[in-house]
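The chain contents come next:
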Amino acid sequence: MAPRVVSMEADGGSRGNPGPAGYGAVVRDPETGEVLAERSESLGTATNNVAEYQGLIAGLTAAAELGAAEVDVRMDSKLVVEQMCGRWQIKHPGLRPLAAQAAALVGRFSAVRFSWIPREQNRHADALANAAMDAAAGRPPATAAPARPATTPAAGQPSTTPAAPIIGSDPATAPASWEPRPTFTATRLILVRHGETPYTEQRRYSGRGDVPLSERGRAQVRATGTRVAELAPSVAAVLSSPLSRCTATAASIAEALGGDVPVRTEDDLIECDFGQWEGRTFAEVRQQWPGEMDAWLASPRIAPPGGESFTQVAERAHRVISGLLTAYPGETVVVVSHVSPIKLMLRDALAAGDGFLHRLFLDAAGISVLDMWPDGGVAVRTVNDTAHLASLD
C-alpha cells in the first residue's frame, strides 16, 4: 500500500530536439526512498519539452494508480515546473494539450507540489529516459540503472524553485508574461456565499445545522440574484450546498437568470462540520476549549472536537472544482456555498498560505469570481464583492 504522500521524479528528452525521444518517471516513498513504481517509454520523434511533459503525465498516473493523495513532483525541467506552477505562460500550442492533461491528473490528488531540482538529483528518472531514447533511436539498451535512494536535497541545500501547492487546478497565472489564450476558453466560477441567518448576525459557528435565512438574508439573496444575472447572462448551471440557507440563495439566483437554469445540490459544498462548537460564539469556544482552539487556528489538519478539519473540507472543494471543469468546460457556473469551502477554493486559486483562511473575511451574500483554463491557468477576478448589497444598509 502506497503512503498517503509520495515523491515523484520525472525526466524526458530527445536526440536532436526533435529526434528520437523518451521519458522516465519514478515514484518513491518520501520517508524511506523505496521505489514504488517506475515508468518509461519511447516516443518516436518528439521534442525535449514534449518528452518532459510525457514523463510528468506518466509519473502522476503511476502515483494515482498507487492511491496516493499528495504528490511532491521533482523535475530538472525548469520550463515544466514553472508552467505547471503558473509562473510561466504556455506559449507553444503543442504543449498546451499536454499541460491540460497533466492539470487534469493533478486534479485527482488533494495536493501536488512542484519543485525544480538539479539534474544531478534526478539521475534515476534521467537514466530511464535515456534508455527510452536509445530504444527510440534503435540503439541496444544500456545496463539498467539500479534503484537509487531518495534524491531529496541534503540539509541546507534549498531547491531553486520552491514547491507550489495545487488543489484541483493550477493556483496561479503568469502575470509577468500575460497574453491572450486563443486555444482554450476559461470555465468561469461565480462563488456565492449564502445570505444572512440568525447565526450570521450573532457571529456563531454555523456548520451542519440547517439554519434558515433571516429576513435580511432573504433581501440579500434577491439582490445577489440580480447582480449575478448582470455578471453572467448565460449560466450553464447553479450548484448549491444542500443546506436551506444555500438552496434558498441558489433558487433566488436561478429565478433572476430566467428560471430555466438547472439547480442541483452538491453534498461536497456543505459547510465545515464544527462539531461541539456548532452554534457557539468564538468567545464561548475560546473559554471552553482554549487548547483545541489554538491547535485549530495553527493547522488546517486539526478538527474541532467531534468535527471536520479544513484539510478534509479542501478535499471536498477540490472534488467539486475538478467535476465542474470536466462537466462544464468553457462555461459559467454559479456555486452557492459557505465560508469554509469558498475560502479554500480562493486560497488555492491565489496560491496563498494557510494563514489566508483566518485573514480573509467573506460577507454573507458576497460574490467572488475566478476563471480556470484547461491548460492550468487561473485568474481570480473578484473577491467578496458586496456592492449589490449597499442599498440594503
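Cut-offs used in this document
Residues numbered from 1 in each chain as written. Predicted model: local features only at pLDDT ≥ 70, side-chain atom pairs only at ≥ 80, totals over all residues. Heavy atoms only, no water. Helix = DSSP H or I, 4+ residues; strand = E, 2+ residues; numbered from the N terminus. Contact = heavy atoms within 4.5 Å. Areas by Shrake-Rupley, 256 points an atom, 1.4 Å probe, with all protein chains shown as cover. UniProt positions renumbered as here; feature names shortened; annotations may be inferred. 1 Å grid on protein atoms, 1.4 Å probe; cavity = no way out; pocket = protein on both sides within 12 Å on 5 of 7 lines; lining within 4 Å. Buried < 20%, exposed > 50% of the residue type's maximum accessible area, 1.4 Å probe, protein only. Polar contact = N/O pair within 3.5 Å; in protein donor to acceptor, adjacent residues only side chain to side chain. Axes fitted to C-alpha atoms, helices over the stretch in contact; angles between N-to-C directions. Parallel < 35°, antiparallel > 145°, perpendicular 65-115°, else oblique. Left-handed = near helix turned anticlockwise from the far one by under 90°. Nonpolar A, V, L, I, M, F, W, Y, C, P; charged D, E, K, R; others polar. Phe/Tyr/Trp six-rings, centres within 6.5 Å; stacked < 30°, edge-to-face > 60°. Lys NZ or Arg CZ within 6 Å of the ring centre and 35° of its normal. Pairing = 2+ DSSP bridges. Expected span 1.5 Å × (residues − 1).

## Overview of the overall build of the protein
- A tally of regular secondary structure across the protein gives 11 helices and 12 strands.
- Once local pairs closer than 6 in sequence are excluded, the contacts in the protein between residues at least 24 apart make up 75%.
- Surface accessibility of the protein: about 16,500 Å² in total, with carbon and sulfur atoms responsible for 52%.

## What about the UniProt feature "active site" (unreviewed entry) in the protein?
- On the UniProt side, "active site" (unreviewed entry) is annotated at positions that read His194 and Glu271 here. Of the residues just listed, which span 78 residues, no C-alpha pair is farther apart than 10.8 Å, and they cluster in one region. For the largest pocket, the lining residues drawn from the annotated set are His194 and Glu271.
- Here histidine 194 shows up in the loop between strand 7 (187–193) and helix 5 (198–201).
- Accessibility expressed as a relative area gives 5% for histidine 194, which makes it buried.
- For histidine 194, the contacting residues outside a window of four places in its chain are Thr200, Arg245, Cys246, Thr249, Ser337, His338, Ala364 and Ala365.
- For histidine 194, the side chain forms a polar contact with the side chain of arginine 245, separated by 3.3 Å.
- Take glutamate 271: it is sitting in the loop between strand 9 (263–265) and helix 8 (282–288).
- Overall, the relative accessible area of 4% leaves glutamate 271 in the buried class.
- Beyond its immediate chain neighbours, meaning those up to four positions away, glutamate 271 contacts Ser206, Gly207, Arg208, Arg245, Glu308, Arg316, His338, Val339, Ser340 and Pro341.

## Thoughts on the packing of helix 6 (residues 215–231) against helix 7 (residues 244–256)
- Axis separation between helix 6 and helix 7 bottoms out at 8 Å; the angle between their running directions is 45 degrees. Taken together, the axes of helix 6 and helix 7 lie oblique to each other. Where helix 6 crosses over helix 7, the two elements pack in a sense that is right-handed. For the pair helix 6 and helix 7, contact is made by Val221, Arg222, Thr224, Gly225, Thr226, Val228 and Ala229 and by Thr249, Ser252, Ile253 and Ala256, respectively.
- When grouped by side-chain class, the residues that make up the contact of helix 6 with helix 7 number 5 nonpolar, 5 polar and 1 charged.

## Focus: the packing of aromatic side chains
- Within this structure, the stated rule accounts for 5 aromatic pairs.
- Linked through ring pairs, Tyr205, Phe274, Trp277, Trp296 and Phe310 together constitute an aromatic cluster.
- A cation sits over an aromatic face here: lysine 78 above tryptophan 116, 5.9 Å from the ring centre.

## Brief notes about the sheet that holds strand 12 (residues 378–385)
- Pairing is mixed across the open sheet formed by 6 strands, whose spatial order is 9-8-10-7-11-12. Edge positions in the open sheet fall to strand 9 and strand 12, since each of these has one partner strand only. Taken pair by pair, the neighbouring strands of this sheet meet at an average axis angle of 20 degrees, ignoring direction.
- In the sheet, strand 7 pairs with strand 10 (residues 332–337) via 6 bridges, with the strands oriented parallel. Residue pairing in the sheet places valine 192 in a bridge with valine 336 of strand 10.
- Against the sheet, helix 7 makes contact with strand 7, strand 8 (237–240), strand 9 and strand 10, and its axis sits at roughly 150 degrees relative to strand 10, the strand it touches most.

## Description of helix 10 (residues 310–327)
- The terminal C-alpha atoms of helix 10, which comprises 18 residues, lie 25 Å apart, in line with the 26 Å expected from a rise of 1.5 Å per residue.
- Listed as buried for helix 10 are Phe310, Thr311, Val313, Ala314, Arg316, Ala317, His318, Val320, Ile321, Ser322 and Leu324.

## Section: the environment of histidine 358
- Structurally, histidine 358 is set in the loop between helix 11 (339–349) and strand 11 (367–372).
- Using a relative accessible area of 37% as the deciding quantity, one classes histidine 358 as partly exposed.
- The spatial distance from the C-alpha of histidine 358 to the C-alpha of leucine 297 is 7.6 Å, given a sequence separation of 61 residues.
- Look past the residues within four positions of histidine 358 in its chain and what remains in contact with it is Trp296, Leu297 and Phe310.

## Considering the UniProt feature "binding site: substrate" (unreviewed entry) in the protein
- Within the UniProt annotation, "binding site: substrate" (unreviewed entry) is assigned to Arg245.
- Within the secondary structure, arginine 245 is located in helix 7.
- Residue class for arginine 245 comes out buried when judged on its relative accessible area of 1%.
- The contact partners of arginine 245, leaving out residues within four places of it in the chain, are His194, Gly195, Thr197, Ser206, Gly207, Gly209, Asp210, Val211, Leu213, Glu271 and His338.
- Looking at arginine 245, its side chain comes within polar contact range of the main-chain oxygen of glycine 209, at 2.7 Å.

## Things to note about helix 1 (residues 48–65)
- Here helix 1 contains 18 residues, and its C-alpha end-to-end distance of 26 Å stays within 8% of the 26 Å for a straight helix at 1.5 Å per residue.
- Of the residues trailing helix 1, glycine 67 is marked for its positive phi of about 85 degrees.

## Examining the side chain of glutamate 308
- Relative to the elements of secondary structure, glutamate 308 occurs in the loop between helix 9 (290–298) and helix 10.
- Glutamate 308 gets classed as buried once you look at its relative accessible area, which sits at 10%.
- At 3.0 Å, the side chain of glutamate 308 forms a polar contact with the side chain of arginine 316.
- In this structure glutamate 308 touches Arg208, Glu271, Cys272, Asp273, Ala303, Val313 and Arg316, once residues within four positions along its chain are discounted.

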